[in-house]
Amino acid sequence: MASAAPSLKIGQYPVDPAVVLAPMAGITNVAFRQLCREFGSPTSLYVCEMITARAIVERDAKTMRMIAFGEGEHPRSMQLYGVDPVNVAEATRIVVGEGLADHVDMNFGCPVPKVTRNGGGAALPYKRRLFGEIVAAAVKAAEPSGVPVTVKFRIGINDEHITYLDAGRIAEAEGAKAVALHARTAAQRYSGEADWTAIARLKEAVRTVPVLGNGDIFSAQDALRMMAETGCDGVVVGRGCLGRPWLFAELQAAFRGEPIPEGPSLGKVGEILHRHALLLVDHLGVDTGVRDLRKHMSWYLKGFPIGSDLRRQFSLVSTVAELEDLIAQLDGSAPFPDDAEGPRGRQGSPGKVALPEGWLNDPEDTAVPVGADLMHSGG
């Protein structure tokens, strides 16, 4: 199953093939983005971790360090989170005025309780007027510099409070250059199956800007199927590339109608793991970089014939030299396993969405919850 896909533009930037790396907290730092770009197309879009508007306004040191992009990374894509239009506007002015990014994506899809209980993430589109004011604030602040603003959201808070069609129309009307739908509710979190029919309905509702689909893309075939079934203009890939940055090579081939390459052998995975380690060390330093790599180990090694003791050692690795010794113990000839396909990363179970008190009382209310804007970045 392989066929060419149409081209995508985000503002003035072509995205070819029409593939976007989703921002993921603790994952899509400059090291992981570079690794994905090395496998995929340099003209696809690779989005950094979530950056909070208030943290930019306050010049939080950790946040400012997170705004890091690789040499040749273009356009530099930043995801911005905020609940207060004033903070969002000021943060966007700083980002575009100081040339910190070329594209701003607004986060209205995060289902994490510490975000939604403050009215942010996937909770916010329920407040239609406040949602519109935030999008408009970012668009107005970015417009003088020609920086496109896009908006990502979920189907709704839960099955009783569906927001995505209104969110899409409002974002389009307020000047967003594209919208992306993670086809789950906040209550689903990452459980169950994404409802791709919602992406198709959003595409019917939003006519003047691209509509991107997100949810349950774990293979190149999944991406092509989503495009065919929904008519969306591009795909956003999140958990499917965890421990699998080569998915972007498979996506590029599929979208260009070329044969999809086979999955890598265990020896090749070891080389990729080592490359990831070096990129993280360069970005974060030796100690922090190698520690950060630990979370990726189970994803990289999923399905391969590796003993439990060796797996445990990988999960506790503390130096690059130690990692090299462990990689040398792998059976490099082991082929990519069939059971490494399919879902990966967190799935969890559905649950009640944490919301500010009285949040559902009035969808037209524009009041910003007291203390709503988070100070820390990364989700």
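The rules we used
Residues numbered from 1 in each chain as written. Predicted model: local features only at pLDDT ≥ 70, side-chain atom pairs only at ≥ 80, totals over all residues. Heavy atoms only, no water. Helix = DSSP H or I, 4+ residues; strand = E, 2+ residues; numbered from the N terminus. Rg over C-alpha atoms; globule rule 2.2 N^0.38 Å. Buried < 20%, exposed > 50% of the residue type's maximum accessible area, 1.4 Å probe, protein only. Contact = heavy atoms within 4.5 Å. Areas by Shrake-Rupley, 256 points an atom, 1.4 Å probe, with all protein chains shown as cover. Lys, Arg positive; Asp, Glu negative; His and termini not counted. Charge placed at Lys NZ, Arg CZ, Asp CG, Glu CD. Pairing = 2+ DSSP bridges. Axes fitted to C-alpha atoms, helices over the stretch in contact; angles between N-to-C directions. 1 Å grid on protein atoms, 1.4 Å probe; cavity = no way out; pocket = protein on both sides within 12 Å on 5 of 7 lines; lining within 4 Å. Points joined across faces, edges and corners; volume = space filled by probe spheres on them. Salt bridge = Lys/Arg side-chain N within 4 Å of Asp/Glu carboxyl O. Core = buried A, V, L, I, M, F, W, Y, C linked by side-chain atoms within 4.5 Å. Polar contact = N/O pair within 3.5 Å; in protein donor to acceptor, adjacent residues only side chain to side chain. Left-handed = near helix turned anticlockwise from the far one by under 90°. Phe/Tyr/Trp six-rings, centres within 6.5 Å; stacked < 30°, edge-to-face > 60°. pLDDT = per-residue confidence, 0-100.

**Notes on the overall build of the protein**
Regarding its fold elements, the protein presents 15 helices and 12 strands. Here the C-alpha atoms of the protein give a radius of gyration of 20 Å, agreeing with the 21 Å that 2.2 N^0.38 yields for 379 residues. Considering only C-alpha atoms, the protein reaches an extent of 60 × 45 × 40 Å along its principal axes. Within the protein, the proportion of its 379 residues that are buried is 58%. Sequence-distant contacts in the protein: of pairs separated by 6 or more residues, those separated by 24 or more amount to 75%. Carbon and sulfur atoms make up 50% of the accessible area of the protein, which totals about 15,000 Å². A distance of 3 Å separates the average location of the 39 positive side-chain charges in the protein from that of its 46 negative side-chain charges.

**Quick look at the sheet that holds strand β4 (residues 45-52)**
Spatially, the eight strands close up into a barrel ordered β3-β4-β5-β6-β7-β10-β11-β12, and their pairing is parallel. Taken over all neighbouring pairs, the strand axes of this sheet differ in orientation by 30 degrees on average, direction set aside. Each of β3 (19-21), β4 and β12 (234-237) touches helix α10 (residues 247-255); the most contacted strand, β3, lies at about 165 degrees to it.

**Let's talk about the layout of surface pockets**
In this structure, the largest pocket encloses a volume near 620 Å³. Listing elements by their share of the lining of the largest pocket, those giving two or more residues are β6 (103-108) and β7 (149-154). Considering each element in turn, the lining of the largest pocket owes the most residues, three residues, to β7. The space that makes up the second largest pocket amounts to roughly 360 Å³. Surrounding the second largest pocket, 17 residues form its lining, Glu49, Lys62, Met66, His283 and Leu284 being those nearest its centre. Where the lining of the second largest pocket is concerned, the elements lending two or more residues are α1 (30-39), β4, α3 (61-66), α11 (266-284) and α12 (286-293).

**What to know about the pattern of salt bridges**
One pass over the full model with this rule turns up 20 salt bridges. Residue Arg93 pairs with Glu90 through a salt bridge whose shortest N-O separation is 3.1 Å. Highlighted residues: Arg93 and Glu90, both in helix α4 (residues 85-97), separated by three residues, approximately one helical turn. Taking relative accessible area as the criterion, Glu90 reaches 31% and is therefore assigned partly exposed. Among the salt bridges present, the one from Asp216 reaches Arg184, with a minimum N-O distance of 2.6 Å. With Asp216 in the loop between β11 (211-214) and α9 (220-230) and Arg184 in the loop between β10 (178-182) and α8 (196-205), the pair connects residues that are 32 residues apart, well separated along the chain.

**Points about the nonpolar core**
Ranked by size, the top nonpolar core spans 99 residues in total, and within it Met106 and Phe255 carry the most contacts. Among the elements that take part in this core, helix α6 (residues 128-142) stands out by supplying seven residues, more than any other. In this structure, Ala31, Trp246, Met297 and Ile306 belong to the second largest nonpolar core, which totals 29 residues.

**Thoughts on the environment of Trp299**
Relative to the helices and strands, Trp299 is located in helix α13 (residues 297-301). Distance in space between the C-alpha atoms of Trp299 and Leu242 is 6.0 Å, their sequence separation being 57 residues. Those residues in contact with Trp299 that sit more than four places away from it in its chain are Ile27, Leu242, Gly243, Arg344 and Gly345.

**Here's the deal with the side chain of Ser219**
On the secondary structure map, Ser219 appears in the loop between β11 and α9. According to the relative accessible area criterion, Ser219 is buried, its value standing at 12%. Within the structure, the side chain of Ser219 is placed 3.1 Å from the backbone nitrogen of Asp222, a separation counted as a polar contact. Beyond its immediate chain neighbours, meaning those up to four positions away, Ser219 contacts Leu247 and Leu251.

**Quick look at the packing of helix α7 (residues 164-173) against α8**
Where α7 meets α8, the closest approach of the two axes is 10 Å, and the angle between their N-to-C directions is 35 degrees. Considering the relative orientation of α7 and α8, their crossing is right-handed. Residue-level inspection shows Tyr164, Leu165, Gly168, Arg169 and Glu172 of α7 in contact with α8, the latter providing Ala198, Arg201, Leu202 and Ala205.

**Description of the packing of aromatic side chains**
Where two aromatic rings form a pair, the distance of their centres and the angle of their planes describe that pair. Per the counting criterion, the structure on display carries five aromatic pairs. With centroids separated by 5.6 Å and ring planes inclined at 55 degrees, the aromatic side chains of Tyr46 and Phe248 adopt a geometry described as tilted. Of this pair, Tyr46 sits in strand β4 while Phe248 sits in helix α10, and the two are 202 residues apart along the sequence. Geometrically, the ring pair formed by Trp246 and Tyr300 is tilted, given 6.5 Å between the ring centres and 45 degrees between the ring planes. Taken together, the residues Trp246 in the loop between β12 and α10 and Tyr300 in helix α13 connect sequence positions 54 residues apart.

**Topic: the confidence of the model for the protein**
For the protein, per-residue confidence averages 94 on the pLDDT scale, and 98% of positions sit at 70 or higher. Under a pLDDT of 50 for its full length, residues 1-5 has, in the predicted model, 17 contacts with residues more than four places off or in other chains.

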